[in-house]
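The residues making up each chain are set out below.
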Amino acid sequence: MPLIGRLFVVFFAFLAACFVAGMIVVGAVLYPEISDLGGAPIDQSAINVVLGFGFIFLSGFALPPALIVVLITEAFYIRSILAYAIGGALVGAACYLGLIPFDPQTMQFDGIVRRHLEIMTGAGIVAGLVYWMIAGRSAGAWREPRPPLRPPPPLPSHSRPQA
């Protein structure tokens, strides 16, 4: 039963991490002018729609590499915040590089935009930290055996054993 509960925690943490990463990617890629303080207000309903699509997009592309990181951390009881930040950076970079065409003859990616790679890697780091806060701090805890039951208290010294 602890394994089933752990799967729910991992799934919820993954969704929360994808949502936060989606917010970062959408905010940084689609609205770079947000940092401009003189800009006009942005339509809130448009942001909600774009955030929804960003969440769906990231959760679909991030699932396979994130699943590898989750399996490794759960199998080896890795609970370090640094491990989740590095794992998130690798997942973010993998998601971006998975969308870029690769030329096998030159062994290079064609058309890498450095800013977009940095945004995806940074979003992956933040997503890894969010995942760590929800599920990573107790990675592998479902495998620990339960503590043994305490023995019953001893009988009083003047009592007779029951036959």
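Just so it is clear, the model here is predicted, and its values are computed rather than measured.

Caption draft 1: Layout of the overall build of the protein chain. Counting its regular elements, the protein chain contains four helices and two strands. When the helices and strands of the protein chain are read in sequence order from the N terminus, they spell out α-α-α-β-β-α. What you see for the protein chain is a C-alpha radius of gyration of 24 Å, clearly larger than the 15 Å of a compact globule of 163 residues, by over 25%. Each of the three principal axes of the protein chain carries a C-alpha extent, and together these read 85 × 45 × 25 Å. Residue burial in the protein chain is summarised as follows: out of 163 residues, 29% are buried. In the protein chain, the share of contacts with a sequence separation of at least 24, taken over all contacts with a separation of at least 6, comes to 79%.

Caption draft 2: Looking closely at the packing of helix H3 (residues 81-97) against helix H4 (residues 114-134). Viewed as axis vectors pointing N to C, H3 and H4 meet at an angle of 140°, and their least axial separation amounts to 7 Å. Overall, the two elements H3 and H4 adopt an arrangement that is oblique. Note that H3 runs across H4; the crossing there is right-handed. In contact with Ile-81, Tyr-84, Ala-85, Gly-88, Ala-89, Gly-92, Ala-93, Cys-95, Tyr-96 and Leu-97 of H3, H4 contributes His-116, Leu-117, Met-120, Thr-121, Gly-124, Ile-125, Gly-128, Leu-129, Tyr-131 and Trp-132. Tallied by class, the residues present in the contact of H3 with H4 amount to 14 nonpolar, six polar and no charged.

Caption draft 3: Geometry of helix H1 (residues 2-30). Here H1 spans 41 Å end to end across 29 residues, near enough to the 42 Å set by a 1.5 Å rise per residue. Every buried residue belonging to H1 is among Arg-6, Val-10, Ala-13, Phe-14, Ala-16, Ala-17, Cys-18, Ala-21, Gly-22, Val-25 and Val-26, and all of these are buried. Where H1 is buried, its residues meet helix H2 (44-75) and H4.

Caption draft 4: Structural context of the pattern of salt bridges. If you walk through the whole model with that rule in mind, you get two salt bridges. In this structure, Glu-74 and Arg-6 form a salt bridge, with 2.6 Å as the shortest nitrogen-oxygen distance. Remark: Arg-6 occurs in helix H1 and Glu-74 occurs in helix H2; sequence separation between them is 68 residues. Take Glu-74: its relative accessible area is 7%, and that puts it in the buried class.

Caption draft 5: Broad picture of the nonpolar core. Val-25, Met-120 and Tyr-131 are the most contacted members of the largest nonpolar core, which totals 26 residues. Secondary structure elements with two or more residues in this core: H1, H2, H3 and H4. With eight residues, the top contributor of residues to this core is H1.

Caption draft 6: How the structure looks around the side chain of Ser-59. Note on placement: Ser-59 falls in helix H2. Of note is the side chain of Ser-59, whose polar atom sits 3.1 Å from the backbone oxygen of Ile-56. Ignoring sequence-local partners within four residues, the contact set of Ser-59 consists of Phe-14 and Cys-18.

Caption draft 7: Focus on a nonpolar patch on the surface. A surface patch of nonpolar side chains, about 350 Å² in accessible area, is lined by Val-9, Phe-12, Met-133 and Ile-134. Within the residue set of the nonpolar patch, elements represented by two or more residues are H1 and H4. Looking at the secondary structure, you find Val-9 in helix H1. Given the relative accessible area of 32%, Val-9 is considered partly exposed.

Calculation rules
Residues numbered from 1 in each chain as written. Predicted model: local features only at pLDDT ≥ 70, side-chain atom pairs only at ≥ 80, totals over all residues. Heavy atoms only, no water. Helix = DSSP H or I, 4+ residues; strand = E, 2+ residues; numbered from the N terminus. Rg over C-alpha atoms; globule rule 2.2 N^0.38 Å. Buried < 20%, exposed > 50% of the residue type's maximum accessible area, 1.4 Å probe, protein only. Contact = heavy atoms within 4.5 Å. Axes fitted to C-alpha atoms, helices over the stretch in contact; angles between N-to-C directions. Parallel < 35°, antiparallel > 145°, perpendicular 65-115°, else oblique. Left-handed = near helix turned anticlockwise from the far one by under 90°. Nonpolar A, V, L, I, M, F, W, Y, C, P; charged D, E, K, R; others polar. Expected span 1.5 Å × (residues − 1). Salt bridge = Lys/Arg side-chain N within 4 Å of Asp/Glu carboxyl O. Core = buried A, V, L, I, M, F, W, Y, C linked by side-chain atoms within 4.5 Å. Polar contact = N/O pair within 3.5 Å; in protein donor to acceptor, adjacent residues only side chain to side chain. Patch = residues over 30% accessible without salt bridge, like charges linked within 9 Å, V, L, I, M, F, W, Y side chains within 5 Å. Areas by Shrake-Rupley, 256 points an atom, 1.4 Å probe, with all protein chains shown as cover.

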